[in-house]
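A closer look at the structure
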There are 2 protein chains.
Amino acid sequence: MGKRERLVASASELIHRNGVATTTLAAVAQAADVPPGNVYYYFKTKNELVSAVLASWAAQFEAMLDTLADADTPQARLKTLVRSWDEMRELVAQHGCPIGSLAAELDKADGDLDREAARVLEMVVGWAEGQFAQLGRSDARELAATLVAAVQGAALLSSAFRDAELMRSQVRRIERWIDSID
Amino acid sequence: MGKRERLVASASELIHRNGVATTTLAAVAQAADVPPGNVYYYFKTKNELVSAVLASWAAQFEAMLDTLADADTPQARLKTLVRSWDEMRELVAQHGCPIGSLAAELDKADGDLDREAARVLEMVVGWAEGQFAQLGRSDARELAATLVAAVQGAALLSSAFRDAELMRSQVRRIERWIDSID
DNA sequence: GTCTATAAGGCGATAGAC
DNA sequence: GTCTATCGCCTTATAGAC
């Protein structure tokens, strides 16, 4: 793994754990085993590094879409997506949803990183909307928002209460809700 | 309004808008019209100020509970609570739910402010649980988590997409869900 | 092309003046 | 009891050495 790649991976993890504001470039460099201060050779500013982290989450979501293509029905695909938050529930209970908590923090920062974070969330909502549309629902957009909001809200409560089981039970509930839709 | 009170009010607003990490004590002092650096006379540390902000949110929620006592049924009380996020949807679309986004940020900070934030959220979930219990539901805790998660998730998406209507339509949806419970 | 030394600025916090 | 001047630290970013 190249140095630039290692920096993005380290930044992703540290930002998920500590947030953008608290994560220093020195800490990212150390975690990535790169000389401190040298980060600027790969990224002109800290924001550019955060931008690369967001792009990495977007890529990870697109990779997941390939896995999802295996499932035959929209319902099965939606449930597989939702289950991915359950699978990482211990991590979610500790630091929240990586994308959701990052989007929430960047919303309060100035600059336009918040728009990039919104675009990643839009990928998820937009894909879910497509699945509901395949089910013939004219309110597909609202259903997609409901789905993603349920996941994000559960992740927020799960991390606030440090309760991984809350994430689990809410994901199960969302799965039943998906099954109830025709 | 005394200086201490003004400081807490200014801190609440600035933290909601910019987050804890980015909000400086100098900015809080200026907004509260208090000499800069003088904040330390009223609060020994920055964390103590944030703690006072959390206590102020807790007090505001308890004040709302008095209003809620007017409603006759658990359903009516729950819907009135949920509608309060709809009423401040323009603010939510800009900076998210004040309590939810604060809890999310503090979760990533060290110290035990995150536990205080969790306690405020627990007040809300615990109260909702009581309402569902009055409806005779044995799964009252899970229903309460579902309710608060739906609100918090909607607030997160609403602010990420800067879409106040998303908050509105999701609140309406939650109201219909409350009505469907017996 | 890769890395290091250092600068510039801003922050929370303190000590002590009024 | 109230406020001000200032310290010391940390962080991003740059200039220039290897």
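Above: the structure in question.
What this report covers is the structure whose coordinates are included nearby. Just so it is clear, the structure is predicted and the values come from calculations on it, not from any experiment.

A separate point is the side chain of D114(B). Here D114(B) lies in helix α8 (residues 113–134). Take D114(B): its relative accessible area is 4%, and that puts it in the buried class. With sequence-adjacent residues up to four places away left out, D114(B) is seen in contact with R162(A), L106(B) and D107(B).

Turning our attention to helix α9 (residues 140–160) of chain B. An α-helical turn contains 3.6 residues, so a residue and the one three or four places further along point in the same direction. Residues and elements named next belong to chain B. Taking 1.5 Å of rise per residue, the 21 residues of α9 would be expected to cover 30 Å, and the 30 Å separating its terminal C-alpha atoms lies within 8% of that figure. The element α9 is largely enclosed, with a buried count of 19 among its 21 residues. With its phi angle positive at about 50 degrees, R162 sits one or two positions after the end of α9.

A separate point is the layout of surface pockets. The space that makes up the largest pocket amounts to roughly 670 Å³. Along the walls of the largest pocket sit 31 residues, with A21(A), T22(A), E105(A), A21(B) and E105(B) positioned nearest its centre. Those elements giving two or more residues to the lining of the largest pocket turn out to be α4 (46–68) and α7 (98–108) of chain A together with α4 (46–68) and α7 (98–108) of chain B. Here the residues of the lining of the largest pocket are counted per class, giving 13 nonpolar, ten polar and eight charged.

Okay, the packing of aromatic side chains next. Residues and elements named next belong to chain A. All chains considered together, the criterion is met by four aromatic pairs over all chains. Between Y41 and Y42, the aromatic rings sit 5.0 Å apart at their centres with planes inclined by 80 degrees, giving edge-to-face as the arrangement. Consider the rings of F132 and W177, whose centres lie 5.9 Å apart with planes at 65 degrees: the pair is edge-to-face. Here F132 is found in helix α8 (residues 113–134), whereas its partner W177 is found in helix α10 (residues 164–179), with 45 residues between them in sequence.

Under the defined criterion, the tally for this structure stands at seven cavities of 30 Å³ or more. Its volume calculated, the largest cavity comes out at about 210 Å³. What lines the largest cavity is a set of 24 residues, and nearest its centre among them are G100(A), A104(A), L156(A), A104(B) and L156(B). The class makeup of the residues in the lining of the largest cavity is eight nonpolar, twelve polar and four charged.

With that settled, the discussion passes to the interface of chain B and chain A. Between chain B and chain A, the contact holds 41 residues from the first and 41 residues from the second. When chain B packs against chain A, the two sides together hide about 3,200 Å² of surface, and 56% of this comes from carbon and sulfur. In this assembly, chain B and chain A are joined by five salt bridges. E142(B) serves as the salt-bridge partner of R176(A), at 4.0 Å between the closest nitrogen and oxygen. On inspection of chain B and its partner chain A, the count reaches 20 residue pairs in polar contact (both at pLDDT 80 or more). Listing elements by their share of the side of chain B that touches chain A, those giving two or more residues are α1 (3–18), α7, α8, α9 and α10 (164–179) of chain B. Counting residues per element, the side of chain B that touches chain A draws most heavily on α9(B), at 15 residues.

Bringing the environment of D139(A) into the picture now. All names here are of chain A. Structurally, the position occupied by D139 is in the loop between α8 and α9 (140–160). Owing to a relative accessible area of 27%, D139 belongs among the partly exposed residues under this scheme. Along the chain, D139 and E129 lie ten residues apart, while their C-alpha atoms are 8.8 Å from each other. Separated by 3.0 Å, the side chains of D139 and R137 make a polar contact.

In a packed pair of helices, the relevant descriptors are the angle between the two axes and the axis-to-axis distance. Residue and element names in this part refer to chain A. In the contact formed by α4 and α8, the axes pass within 9 Å of each other and the chain directions differ by 5 degrees. Classed by the angle they form, the pair α4 and α8 counts as roughly parallel. Counting all contacts with α4, which are made through N47, V50, S51, L54, W57, A58, F61, E62, L65 and L68, the residues of α8 involved are L113, E116, A117, V120, M123, V124 and W127. Grouping the constituent residues of the contact of α4 with α8 by class yields 13 nonpolar, two polar and two charged.

What counts, and at which threshold
- Residues numbered from 1 in each chain as written.
- Chains lettered and ligands numbered in written order.
- Predicted model: local features only at pLDDT ≥ 70, side-chain atom pairs only at ≥ 80, totals over all residues.
- Heavy atoms only, no water.
- Helix = DSSP H or I, 4+ residues; strand = E, 2+ residues; numbered from the N terminus.
- Buried < 20%, exposed > 50% of the residue type's maximum accessible area, 1.4 Å probe, protein only.
- Contact = heavy atoms within 4.5 Å.
- Expected span 1.5 Å × (residues − 1).
- 1 Å grid on protein atoms, 1.4 Å probe; cavity = no way out; pocket = protein on both sides within 12 Å on 5 of 7 lines; lining within 4 Å.
- Points joined across faces, edges and corners; volume = space filled by probe spheres on them.
- Nonpolar A, V, L, I, M, F, W, Y, C, P; charged D, E, K, R; others polar.
- Phe/Tyr/Trp six-rings, centres within 6.5 Å; stacked < 30°, edge-to-face > 60°.
- Buried area = accessible area lost by both parts, 1.4 Å probe.
- Salt bridge = Lys/Arg side-chain N within 4 Å of Asp/Glu carboxyl O.
- Polar contact = N/O pair within 3.5 Å; in protein donor to acceptor, adjacent residues only side chain to side chain.
- Axes fitted to C-alpha atoms, helices over the stretch in contact; angles between N-to-C directions.
- Parallel < 35°, antiparallel > 145°, perpendicular 65-115°, else oblique.

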